[in-house]
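# Chain and residue survey
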Amino acid sequence: MSFELPELDRKKTQAAVESALEKYRIFKTITFEEREASITASSTERFHGPTNVTSDQTADVAIYNVYEPQARQQYCEKVERAVNKLYPRERLLIQERYMKDETVTDLKVYNFIFNPPISKDLYAKIRWTAFYRLAFNLDYFKIIDIKKLLTPPKGEHYEDLS
């Protein structure tokens with residue numbers, strides 16, 4: 001009995017993982033702006049809508065102000081937990097390159113962060129294995145969908161797998 005991990009499309013996987021990590025970095029660095037209810041009358045034209053729907057702007061604003069920061073915090077915690085499951089070298093690479101300051105480059109990471117410095121090729125290999133493992137970890141936390149990253153067997157094309 002053998003088990004093979006699925007083959008992932010490199011470009012799609014890198015794009016999905018980098019996108020998730022960029023969202024993490026944005027949530028960590030940009031402060032949350034609370035919304036405020038508008039108390040002035042609106043001059044926009046209003047069409048008749050369904051009669052069973054009521055609008056409560058103050059409640060909508062309050063719900064947003066409570067749940068949005070909580071959702072951002074939970075997202076960041078999930079990403080941190082997913083990254084913490086990586087091997088030490090992979091974790092170091094992801095944390096230093098993608099989870100901290102935006103100005104950190106690959107060159108800086110493999111020449112100055114890794115001790116001893118590593119080659120560009122070894123760095124690329126470690127980064128790919130980190131992305132591969134992180135894609136599965138982020139799928140577990142429902143941040144990305146691994147089914148969209150699968151490489152179809154030769155001659156086949158995946159359609160929508162949902």
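Our subject is the structure that appears above.
Residue positions are counted from 1 within each chain, in the order its sequence is given. In keeping with the predicted nature of the model, local features appear solely for residues at pLDDT of at least 70, side-chain atom pairs appear and are counted solely at 80 or more, and the whole-chain, interface and lining totals rest on all residues. Note that water and hydrogens are dropped before the side-chain values are worked out from all heavy atoms of the structure.

### Re the nonpolar core
What we call a nonpolar core is a set of buried Ala, Val, Leu, Ile, Met, Phe, Trp, Tyr and Cys residues that are connected through their side-chain atoms within 4.5 Å. Under the scheme applied here, a residue whose accessible area is under 20% of the maximum for its type counts as buried, over 50% as exposed, and between as partly exposed, the area being computed with a 1.4 Å probe on protein chains only. The biggest cluster of nonpolar side chains holds 35 residues, and the ones touching the most others in it are Leu-21, Ile-94 and Leu-134. Those elements that place two or more of their residues in this core are helix 1 (10-29), helix 2 (57-84), helix 3 (88-98), helix 4 (106-113) and helix 5 (120-140). Secondary structure elements follow DSSP: runs of H or I no shorter than four residues count as helices, runs of E no shorter than two count as strands, and numbering proceeds from the N terminus. Among the elements that take part in this core, helix 5 stands out by supplying nine residues, more than any other. Leaving out residues up to four positions away in the same chain, Leu-134 has contacts with Val-17, Leu-21, Ala-82, Val-83, Leu-86 and Ile-94. In what follows, residue pairs with any heavy atoms lying within 4.5 Å of each other are defined as contacts.

### Concerning the packing of aromatic side chains
Think of it this way: a Phe, Tyr or Trp ring, Trp meaning its six-membered ring, pairs with another when their centres are within 6.5 Å, and the plane angle makes it stacked under 30 degrees, edge-to-face over 60, tilted otherwise. Throughout the structure, instances matching the rule amount to seven aromatic pairs. Ring plane angle 55° and centroid distance 5.5 Å describe the contact between Tyr-98 and Phe-131, whose orientation is recorded as tilted. One end of the pair, Tyr-98, is in helix 3; the other, Phe-131, is in helix 5, and 33 residues separate them in sequence. Using a relative accessible area of 5% as the deciding quantity, one classes Tyr-98 as buried. Judged by relative accessible area, which is 1%, Phe-131 ranks as buried. For the ring pair Tyr-140 and Phe-141, a centre distance of 5.2 Å and an interplane angle of 75° mean the geometry is edge-to-face. By relative accessible area, Phe-141 is classed as buried at 7%.

### Some words on helix 3
Looking at helix 3, one finds that the buried residues are Glu-90, Leu-93, Ile-94, Glu-96, Arg-97 and Tyr-98. Looking at the buried positions of helix 3, the neighbouring elements they touch are helix 1, helix 2, helix 4 and helix 5.

### Topic: a nonpolar patch on the surface
A cluster of nonpolar side chains, contributed by Ile-63, Val-66 and Tyr-67, occupies part of the molecular surface with about 320 Å² of accessible area. With respect to the element layout, Val-66 can be found in helix 2. Val-66 sits in the exposed class, given a relative accessible area of 52%. Only residues whose relative accessible area exceeds 30% and that form no salt bridge enter a patch; like-charged residues are grouped when within 9 Å of one another, and nonpolar side chains (Val, Leu, Ile, Met, Phe, Trp, Tyr) when within 5 Å. Using a 1.4 Å probe, accessible areas were evaluated by the Shrake-Rupley method; residue-level cover was limited to the displayed protein chains. The rule for a salt bridge is simple: a side-chain nitrogen of Lys or Arg has to be within 4 Å of a carboxyl oxygen of Asp or Glu.

### Things to note about unusual backbone geometry
Here Asn-115 and Pro-116 are connected by a cis peptide whose omega angle stands at 0°. For Lys-142, which is not a glycine, the phi torsion comes out positive at approximately 65°. Structurally, Lys-142 can be placed in the segment after helix 5.

### Side note on the pattern of salt bridges
Per the counting criterion, the structure on display carries seven salt bridges. With a shortest N-O distance of 3.3 Å, Lys-28 and Glu-80 are connected by a salt bridge. Remark: Glu-80 occurs in helix 2 and Lys-28 occurs in helix 1; sequence separation between them is 52 residues. Residues Arg-133 and Glu-90 are paired through a salt bridge, measuring 3.0 Å at the closest nitrogen-oxygen approach. On the criterion of sequence distance, the pair formed by Arg-133 in helix 5 and Glu-90 in helix 3 is long-range, its members being 43 residues apart. For Arg-133, a relative accessible area of 34% gives the class partly exposed. Connected through shared salt-bridge partners, Arg-97, Asp-106 and Arg-127 make up one network.

### Examining helix 2
Since the α-helix turns once every 3.6 residues, residues separated by three or four places project in the same direction. With 28 residues, helix 2 should reach 40 Å at 1.5 Å per residue; the first-to-last C-alpha distance of 40 Å fits that figure. Among all positions of helix 2, only Val-61, Asn-65, Arg-72, Tyr-75, Cys-76, Val-79, Ala-82 and Val-83 are buried. Packed against the buried residues of helix 2 are helix 1, helix 3 and helix 5. Take the residue count of a helix, subtract one, and multiply by 1.5 Å to get its expected span.

### Observations concerning the packing of helix 2 against helix 5
Taken N-terminus to C-terminus, the directions of helix 2 and helix 5 make an angle of 140°; their axes are 9 Å apart at the nearest point. The angle between helix 2 and helix 5 places the two elements in the oblique class. By crossing handedness, the relation of helix 2 to helix 5 is classed as right-handed. Of the residues in helix 5, those in contact with Val-79, Ala-82 and Val-83 of helix 2 are Leu-134, Asn-137 and Leu-138. Side-chain classes follow a simple rule in which Ala, Val, Leu, Ile, Met, Phe, Trp, Tyr, Cys and Pro form the nonpolar group, Asp, Glu, Lys and Arg form the charged group, and the remainder, Gly included, forms the polar group. For the contact of helix 2 with helix 5, the residue count by class is five nonpolar, one polar and no charged. Angles run from 0 to 180 degrees between N-to-C directions of axes, and those axes are lines fitted to C-alpha atoms, restricted for helices to the stretch in contact. Convention used here: angles under 35 degrees read as roughly parallel, angles over 145 as roughly antiparallel, angles from 65 to 115 as roughly perpendicular, and any remaining angle as oblique. In this scheme the crossing of two helices becomes right-handed for a clockwise turn of the near helix relative to the far one and left-handed for an anticlockwise turn of less than a right angle.

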